[in-house]
Amino acid sequence: GMAQAAQDSDGNMPAVPSDLTMNGPLVNVDAFKAAGVPIPSVDDPWTWDEMIAAATKVQQANGMEFAVAIDKSGHRVSTVLSPFGTTMFDEEGNVALDPAKAEEAIGTLNDLMQRGLMSKDLWLEAGARYEDANELFLAREVPVYISGNWQVGLLSEDAPFEWAAVPNPCAERCGGFPGGKYMVAFTESDEPELGVYFVDWMNRPENQQALDEQAFWLPTRTELVDAGISYPARGSDMRVFQAEVASTPPDTYATTTNANFDAAADALVEEMDKTVAGQQDVATTVENVRQELQQLAGGTG
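Worth saying up front: this structure is predicted, and the values here are computed from it rather than measured.

Parameters and conventions
- Residues numbered from 1 in each chain as written.
- Predicted model: local features only at pLDDT ≥ 70, side-chain atom pairs only at ≥ 80, totals over all residues.
- Heavy atoms only, no water.
- Buried < 20%, exposed > 50% of the residue type's maximum accessible area, 1.4 Å probe, protein only.
- Helix = DSSP H or I, 4+ residues; strand = E, 2+ residues; numbered from the N terminus.
- Pairing = 2+ DSSP bridges.
- Core = buried A, V, L, I, M, F, W, Y, C linked by side-chain atoms within 4.5 Å.
- Contact = heavy atoms within 4.5 Å.
- Phe/Tyr/Trp six-rings, centres within 6.5 Å; stacked < 30°, edge-to-face > 60°.
- Lys NZ or Arg CZ within 6 Å of the ring centre and 35° of its normal.

1. What about the pairing of strand β3 (residues 144-148)?
Among the 5 residues that make up β3, 5 are buried, leaving the element largely enclosed by the rest of the structure. Covered by surrounding structure in β3 are Val144, Ile146 and Gly148 together with Tyr145 and Ser147, the residues of both alternating faces. Sheet topology note: the strand β1 (residues 16-28)/β3 ladder contains 5 bridges and is antiparallel. From the neighbouring strand, Val27 faces β3, where its bridge partner is Val144. One ladder, built from 3 bridges, connects strand β2 (residues 68-70) with β3; its direction is parallel. Across the sheet, Ala69 pairs through a bridge with Tyr145, a residue of β3.

Here's what the structure looks like:
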């Protein structure tokens, strides 16, 4: 998906996909064990309803403040849109957001916050800023935390309890939501050949592998994907995120690599704020987001 998104109309690849990230849930295994609730496997993921029910049972059994946490981020909310069957843009850059499916996804998050199963304060007090929820998770105040593989290194050092990555919950479909980075060399620079050499060197198998190992990133080179990365810790959790790559729908890459995605993600968060605060209903939020997407895409979709 990242490679396809980097190709121009002539099949050239002006940017090299240098790493891949994958959103997904992290769970407090100790809390699940104490509550007698099993965690899902790669071969048998939760549905969204099952995840909420399991998280609520674990929350109540352990006296935790919340059942589920998610980073305040349009990228992370896209992780919820996708299993309910929709994304923001298609491969041609047109608006792809399905209103009914988006209402179901956003309504699910809003319902969790209105019921006190997810932190409304974390969402609203952050304002327009990105806010992660790892402090809630590290403080044992929530058993299920939806974030991504970049948390693995931090949690491996800081978490005072047993935890694990688990597959994304399914609804209409399964899988997570991707991210990642590209490396480019500029043709108008003073040393374009040196720029090209550096990009090539950084993404040779041995160098991409070394970077991924230390940063807990996922590889983009097929031979590294096939062979697997030997991470310094938590290899089993990173394999869960890697397995999610195969389950993640192709249209998610069209959204995450769209030039307008950052602005669209901001609009999604801003409109959700109004619903969470009780200022507008979910249908209005989705309609406002769709209108913003149409403006960003030049009126298409």
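2. Here's the deal with the nonpolar core
The biggest cluster of nonpolar side chains holds 51 residues, and the ones touching the most others in it are Trp48 and Leu97. The element contributing the most residues to this core is helix α14 (residues 261-276), with 7 residues. Excluding anything up to four places from it in sequence, Trp48 contacts Val80, Pro83, Phe84, Thr108, Leu109, Leu112, Ile146, Pro169, Cys170 and Ala171. Listed in part, the 28 residues of the second largest apolar core include Val142, Val152, Leu155 and Ala165.

3. Points about the packing of aromatic side chains
Applying the stated criterion to the full structure yields 7 aromatic pairs. Their ring planes at 85 degrees and their centres at 5.3 Å tell us that Phe137 and Phe161 sit as a pair that is edge-to-face. With Phe137 in helix α7 (residues 134-138) and Phe161 in the loop between α8 (151-158) and β4 (163-165), this pair connects stretches of sequence that are 24 residues apart. Since its relative accessible area comes to 0%, Phe137 is described here as buried. The buried category is assigned to Phe161, whose relative accessible area is 7%. Between the aromatic rings of Phe216 and Tyr231, the centroid separation amounts to 5.9 Å while the plane-to-plane angle is 10 degrees, which identifies the pairing as stacked. Of the two residues, Phe216 sits in the loop between α10 (205-215) and α11 (222-227) while Tyr231 sits in the loop between α11 and α12 (235-247), which places them 15 residues apart along the sequence. By the burial criterion, Phe216 is buried, and Tyr231 matches it. One cation-aromatic arrangement involves Lys181 over Trp217; the distance from NZ or CZ to the ring centre is 4.0 Å.

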